[in-house]
Amino acid sequence: MPTTSEMYERGAADAERGEFNPFYYQHYYYYRQGYDSVRRRRQSRFPLAGFFIVITVIALGITVTVWLIGQRGSPAVAQPVASPVAAIASATPTSLPPSPTPLPSPTPSPTPPPPTLQIGGRAVVVNVGNAPLRLRAAPGLQARVVGSLPGGRAVVLREGPVLADGYTWWQVEVGNQRGWCAVIAPDGTQFLEPVGQ
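Bear in mind the structure is a predicted one, so any value in this text is a computation, not a measurement.

Colleague: What's the story with the layout of surface pockets in this structure? I'm lost.
Modeller: To find the voids left in a structure, one rolls a probe of water-molecule size over its atoms. Of the volumes computed, that of the second largest pocket is approximately 180 Å³. Taken together, Val128, Ala131, Pro132, Leu133, Arg134, Arg136, Leu141, Tyr167, Trp169, Ala182 and Phe191 make up the full set of residues lining the second largest pocket. When residues of the lining of the second largest pocket are traced back to their parent elements, those giving at least two are β2 (133–136) and β5 (167–174). Broken down by element, the residue count for the lining of the second largest pocket peaks at three residues, all from β2. For the lining of the second largest pocket, the residue count by class is nine nonpolar, no polar and two charged.

Pasting the structure below:
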């Protein structure tokens, strides 16, 4: 097992070489003492020189950034805040980028209007429950029934609209069969719903 002076010397030597042994540093007191003493001596040699180097690098970075922004003229980049360090480091004045131009907000694309009942359009039977929608030979409640359409059945609109007996009627075609059906009841209930083409 190394002696206390050997551990101290090992810590000092590691600090001189810039090496660090975390296990020794955590578990051996004298290694930590030797390592820390060399590090403190190195830091105390040039305490102000390190400070001035850091300030110079920051000032140079700010100056270069301002110059690049002025060259590019990019309005999207925020303008840096002027600091006394940048004013001292930069002897020549630099031009500031132009003020940002607000971008126009995107206009939403218009939503297409909902489909409507029209000649040649398609529709589907709705709101009939278990009873079918009657197909008649002519518009009106007294016209002869020529067929029936269950809920969900698709049709093609051929003629209309026609008002009769308080109802709005359309002539529809289903396969080879044509007839008139009530589309809107007096209370506003709609029996055909248009679908997209």
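Colleague: Would you take a moment to explain the packing of aromatic side chains for this structure?
Modeller: Taken as a whole and assessed by the stated rule, the structure comprises nine aromatic pairs. Each ring, one from Phe20 and one from Tyr25, has its centre 5.2 Å from the other, and the planes form 55°; the classification is tilted. For Phe20, a relative accessible area of 45% corresponds to the partly exposed category. Summarising the aromatic geometry, the rings of Tyr25 and Tyr35 are spaced 5.7 Å apart at their centres and angled 80° between planes, so their arrangement reads as edge-to-face. Of this pair, Tyr25 sits in helix α2 (residues 22–27) while Tyr35 sits in helix α3 (residues 29–45); the two residues are 10 residues apart in sequence, bridging distant segments of the chain. For Tyr25, a relative accessible area of 23% gives the class partly exposed. Under the relative-accessibility criterion, Tyr35 is labelled buried at 9%. Taken together, the aromatic side chains of Phe20, Phe23, Tyr24, Tyr25, Tyr28, Tyr31 and Tyr35 make up a single cluster linked through ring pairs.

Colleague: Looking at this structure, I do not really get the pairing of strand β1 (residues 122–125). What am I missing?
Modeller: Looking along a regular strand, one sees the side chains alternate between the two faces of the sheet. Of the pairings in the sheet, the one linking β1 to strand β4 (residues 154–164) comprises three bridges and is antiparallel in character. Bridge pairing links Val124 to Ala154 in β4. Looking at chain direction, β1 and strand β7 (residues 192–195) are connected through four bridges and run antiparallel. Residue pairing across strands places Arg122 opposite Val195, the latter belonging to β7.

Colleague: Got a minute to help me understand the pattern of salt bridges in this structure?
Modeller: Summed over the entire model, instances satisfying the criterion amount to four salt bridges. Between Arg17 and Glu19 there is a salt bridge whose closest N-O contact spans 3.4 Å. Taking the relative accessible area as the measure of exposure, Arg17 reaches 51% and is therefore exposed.

Colleague: Would you explain the nonpolar core in this entry?
Modeller: Across soluble globular proteins, you tend to see nonpolar side chains buried next to one another. In this structure, Leu117, Leu133, Leu149, Val155, Val172, Cys181 and Leu192 are the most contacted members of the largest nonpolar core, which totals 17 residues. Looking at this core, the elements that each hand over two or more residues are β1, β2, β4, β5 and β6 (177–184). Of the residues forming this core, the biggest block, three residues, is contributed by β5. With near-sequence residues (within four places) excluded, Val155 lies in contact with Gly121, Arg122, Ala123, Leu149, Val172, Glu173, Val174 and Leu192.

The rules behind each value
- Each residue is numbered by its place in its chain's sequence as written, counting from 1.
- Per-residue local features of the predicted model are confined to residues with pLDDT of at least 70, and side-chain atom pairs are confined, for both listing and counting, to 80 or more; whole-chain, interface and lining totals are unaffected and use all residues.
- Hydrogens and water molecules were not included; the side-chain quantities draw on all heavy atoms of the structure.
- Using only the protein atoms, space was sampled on a 1 Å grid; points where a 1.4 Å probe fits but cannot get out form cavities, open sets with protein on both sides within 12 Å along at least five of seven lines form pockets, and lining residues are those with an atom within 4 Å of a point.
- Grid points are joined across faces, edges and corners, and a volume is the space filled by probe spheres set on the points.
- A helix here means a DSSP run of H or I that spans at least four residues, while a strand means a run of E at least two residues long, and both kinds are numbered starting from the N terminus.
- Each residue is assigned to one of three groups, with Ala, Val, Leu, Ile, Met, Phe, Trp, Tyr, Cys and Pro labelled nonpolar, Asp, Glu, Lys and Arg labelled charged, and all others, Gly among them, labelled polar.
- Pairing of aromatic rings covers Phe, Tyr and Trp, the last through its six-membered ring, and needs centres within 6.5 Å; plane angles under 30 degrees mean stacked, over 60 mean edge-to-face, and all others mean tilted.
- Type-normalised accessible area, obtained with a 1.4 Å probe on protein chains alone, sets the label of each residue: buried when under 20%, exposed when over 50%, and partly exposed for intermediate values.
- A strand pair is defined by DSSP finding two or more bridges across the two strands.
- By convention in these notes, a salt bridge is any Lys or Arg side-chain nitrogen within 4 Å of a carboxyl oxygen on Asp or Glu.
- To define a nonpolar core, start from buried Ala, Val, Leu, Ile, Met, Phe, Trp, Tyr and Cys residues and group those joined through side-chain atoms within 4.5 Å.
- Residue contacts are counted whenever heavy atoms from the two residues lie within 4.5 Å of one another.

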